[in-house]
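Working through the structure, step by step
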Amino acid sequence: MRRSVWAVALLFFVLMFVGHAMAQEGSGGAEWSKQAFDNQLAQAKEMRFTGTVVSHDPMCHCVVVKTPKGELTMQDDYAKFMQEYDKAKGLKMGAAVTGVYKTVNHIHYLLSISYAKD
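Residues numbered from 1 in each chain as written. Predicted model: local features only at pLDDT ≥ 70, side-chain atom pairs only at ≥ 80, totals over all residues. Heavy atoms only, no water.

**Remarks on the overall build of the protein chain**
- Of regular secondary structure, the protein chain possesses two helices and seven strands.
- Counting helices and strands in the order they occur from the N terminus, the protein chain gives α-α-β-β-β-β-β-β-β.
- Counting over 118 residues, the protein chain shows a buried share of 25%.
- For the protein chain, the accessible area works out to roughly 9000 Å², and carbon and sulfur atoms hold 60% of it. (Helix = DSSP H or I, 4+ residues; strand = E, 2+ residues; numbered from the N terminus. Buried < 20%, exposed > 50% of the residue type's maximum accessible area, 1.4 Å probe, protein only. Areas by Shrake-Rupley, 256 points an atom, 1.4 Å probe, with all protein chains shown as cover.)

Right, here's the structure in full:
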């Protein structure tokens, strides 16, 4: 009986150290995933669109544009608006726009957007 208690305690102790070592190996995961995402974004194909702004939520960084093919929802985290970064907050609803986006993991990332010239 005593031997089995010691064996279980030793097994628990070994598993605790193995788990701790594996957790330290994976601690660079956030940096790696950021690097992997940047690589995927760089390699993704650029797509152009034209349409009308349906909505823009600066809090969640979402822009919805109605295009001839339907509504296009995009994240504006990497967007340039009228050639300036972090200015997409001034995007007007109902405005005619043109822009460029890329798709990574089924999410559309807006790269640039500007008002369409009449």
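**A look at the nonpolar core**
- Among the nonpolar cores identified, the biggest contains 13 residues, and Phe49, Val65, Met74, Leu91, Val97, Leu110 and Ile113 are the most heavily contacted of them.
- When residues of this core are traced back to their parent elements, those giving at least two are strand E1 (47-57), strand E2 (62-67), strand E3 (70-75), strand E6 (96-104) and strand E7 (107-115).
- Filtering out sequence-adjacent residues up to four positions away, Met74 remains in contact with Phe49, His61, Cys62, Val63, Val65, Tyr101, His108 and Leu110. (Core = buried A, V, L, I, M, F, W, Y, C linked by side-chain atoms within 4.5 Å. Contact = heavy atoms within 4.5 Å.)

**Some thoughts on the packing of aromatic side chains**
- Tallied over the full model, the rule gives four aromatic pairs.
- Judged by centre distance (6.0 Å) and plane angle (50°), the rings of Phe49 and Tyr101 are tilted. Of this pair, Phe49 sits in strand E1 while Tyr101 sits in strand E6, and the two are 52 residues apart along the sequence. Of the two residues examined, Phe49 and Tyr101, each falls in the buried class. (Phe/Tyr/Trp six-rings, centres within 6.5 Å; stacked < 30°, edge-to-face > 60°.)

**Quick notes on unusual backbone geometry**
- For Asn105, which is not a glycine, the phi torsion comes out positive at approximately 55°.
- For Asn105, the location among the structural elements is in the loop between E6 and E7.
- Not every positive phi belongs to a glycine, and His106 is a case in point at roughly 65°.
- Counting through the fold element by element, His106 comes out in the loop between E6 and E7.
- His106 gets classed as exposed once you look at its relative accessible area, which sits at 78%.

**Digging into the side chain of His56**
- Of note, His56 is situated in strand E1.
- A polar contact of 2.8 Å, which involves the side chain of His56, links it to the side chain of Asp76. (Polar contact = N/O pair within 3.5 Å; in protein donor to acceptor, adjacent residues only side chain to side chain.)

**A short note on the pairing of E7**
- In the sheet, strand E4 (residues 80-81) pairs with E7 via two bridges, with the strands oriented parallel. Note on E7: the bridge partner recorded for Lys80 is Ser112.
- Across eight bridges, E6 lies against E7 in antiparallel orientation. Directly across from Lys102, in E7, lies its bridge partner Tyr109.
- Where E6 folds back on E7, the antiparallel hairpin that results is connected by two residues, among which Asn105 adopts a positive phi of roughly 55°. (Pairing = 2+ DSSP bridges.)

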